[in-house]
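Structural characterization, general
Listed below are the residues making up each chain.
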Amino acid sequence: MVNDTTPSANGNSNGSTKQKPQYDPEFTDSVISATGPNASPRMRSVMASLIRHVHDFARENDITIDEWMQAVQMINWAGQMSNERRNESQLLCDVIGLESLVDEITNKLLVGAGADYELTKSAILGPFFRHDTPSTHNDASIIKNMPSDGEIAYMHGIIRDAVTGKPIENVIVDIWQCSTNGLYEQQDPAQTEFNLRGKFTTDKNGYYGLYCLRPVPYPVPDDGPAGKLLQLLDRHPFRPAHIHIIAGNNEYTPLTTQIFDKKSKYLIDDSVFAVKDDLLVDFKPTKANSKASLELVYDIRLARKS
Ligand code: BEZ
Ligand code: FE
């Protein structure tokens, strides 16, 4: 980083307080105007804005070649570590809050300003979703490998139209969670494929139900560039205990969310900034169900596709 005693970009340091170098004031406009006539309007405007922000960022912070190269190497490292089981570039975005921010933007645009109905709040997808999770019947268990320290919860609820409040039949509810060792099945060779995942379909009363584990807090993978960044920022990698949900069908816009155990650690310092008050849930002890020691009731409100 440039400091008061290093030579400035103009090469004239005398060790005294010096003025910030002047950078070419026309450079950014010349880069933006290189965009050709066949670029789409969205591409033209989004990239112009991105170029302007990135150039301003570099100028404001006097980013040097060494610093820029460190960032390039971090991005390359993220690409090299990513595969179908691991998405390190997404994780890098997550730890700087970018996935949570675009999730908020996407869902605010969906509802539109001035709408007078409440949708269930969204939360980020995260990197451990699988498209190929098999469907199963209501009240099935997603636990294929029962951990010795696991607690079984009966999770169920009604899916409703956010405007009319009416139950919706045939909504697909896709659920996934990690085991008590903090690992999702695709991260852990000791787990059976699709352990702790399942797709359910609501019945004519809008009901879905399943048996799952009480979730536990876990660290996001921190052996790559996202972990390095967390370390450089003096932050921990933990997420609070949560269960992932995607609910939707052909008529209702899929909602991606997570529900958080309200008794969990890390609710106020989630490493990926996904917690919202509306998504805190209560796992209640139950003696009424021989298959579970806990019960979680979670209803969901969806928006009809326009
Ligand atoms: C997750 O909840 O699975 C997750 C979300 C963001 C980054 C890493 C993991
Ligand atoms: Fe997760």
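Please read all numbers here as calculations on a predicted model, not as lab measurements. (Residues numbered from 1 in each chain as written. Chains lettered and ligands numbered in written order. Predicted model: local features only at pLDDT ≥ 70, side-chain atom pairs only at ≥ 80, totals over all residues. Heavy atoms only, no water.)

A tally of regular secondary structure across the protein chain gives six helices and 13 strands. Dimensions along the principal axes, computed over C-alpha positions, put the protein chain at roughly 80 × 45 × 30 Å. Counting all 306 residues of the protein chain, 41% fall into the buried class. In the protein chain, of all internal contacts separated by at least 6 residues, the share reaching a separation of at least 24 is 70%. A total accessible area of about 17,400 Å² is found for the protein chain, and carbon and sulfur atoms account for 55% of it. Within the protein chain, one finds 31 positive and 40 negative side-chain charges whose respective centroids are separated by 5 Å. (Helix = DSSP H or I, 4+ residues; strand = E, 2+ residues; numbered from the N terminus. Buried < 20%, exposed > 50% of the residue type's maximum accessible area, 1.4 Å probe, protein only. Contact = heavy atoms within 4.5 Å. Areas by Shrake-Rupley, 256 points an atom, 1.4 Å probe, with all protein chains shown as cover. Lys, Arg positive; Asp, Glu negative; His and termini not counted. Charge placed at Lys NZ, Arg CZ, Asp CG, Glu CD.)

This part covers the confidence of the model for the protein chain. For the protein chain, mean pLDDT is 93; residues scoring 70 or higher make up 94% of the total. For the stretch residues 1-14, pLDDT sits under 50, and the model shows 20 contacts to residues farther than four places along the chain or on other chains. (pLDDT = per-residue confidence, 0-100.)

Moving on: the UniProt feature "domain: Catechol dioxygenase N-terminal" (unreviewed entry) in the protein chain. Here the UniProt feature "domain: Catechol dioxygenase N-terminal" (unreviewed entry) sits at residues 41-108. The span residues 41-108 is 82% helical and 0% strand by assignment, and the distance between its end C-alpha atoms comes to 22 Å. (UniProt positions renumbered as here; feature names shortened; annotations may be inferred.)

With respect to spatial proximity, 13 residues lie near ligand 1, and among them Asp94, Tyr218, Arg239, His242 and His244 are the closest. Between ligand 1 and His242 there is a distance of 3.0 Å, counted from an oxygen atom to a side-chain nitrogen or oxygen. His244 is positioned with one of its side-chain polar atoms (N or O) 3.0 Å from an oxygen atom of ligand 1. Counting residues per element, the ones that place at least two in the shell around ligand 1 are α4 (88-95) and β8 (242-248). Classifying every residue of the shell around ligand 1 by side-chain character gives eight nonpolar, three polar and two charged. (Near = heavy atom within 4 Å. Polar contact = N/O pair within 3.5 Å; in protein donor to acceptor, adjacent residues only side chain to side chain. Nonpolar A, V, L, I, M, F, W, Y, C, P; charged D, E, K, R; others polar.)

Octahedral metal centres with six donors ideally show angles of 90 or 180 degrees, and tetrahedral centres with four donors ideally show 109.5 degrees. The protein atoms donating to the iron ion (ligand 2) are Tyr184 (OH), Tyr218 (OH), His242 (NE2) and His244 (NE2), with metal-donor distances spanning 1.9 to 2.1 Å. Angles of 55 to 166 degrees at the metal separate the six donor atoms of the iron ion (ligand 2), which places the site in the irregular class. Within one chain, the residues donating to the iron ion (ligand 2) are spaced in sequence as Y-x33-Y-x23-H-x1-H. Residue Tyr218 is located in strand β6 (residues 218-219), and its partner His242 is located in strand β8; the two are separated by 24 residues in the primary sequence. (Donors = N, O, S within 2.8 Å, 3.2 Å for Na, K, Ca; no water. Tetrahedral: all angles 85-135°; square planar, octahedral: opposite > 155°, others 65-115°.)

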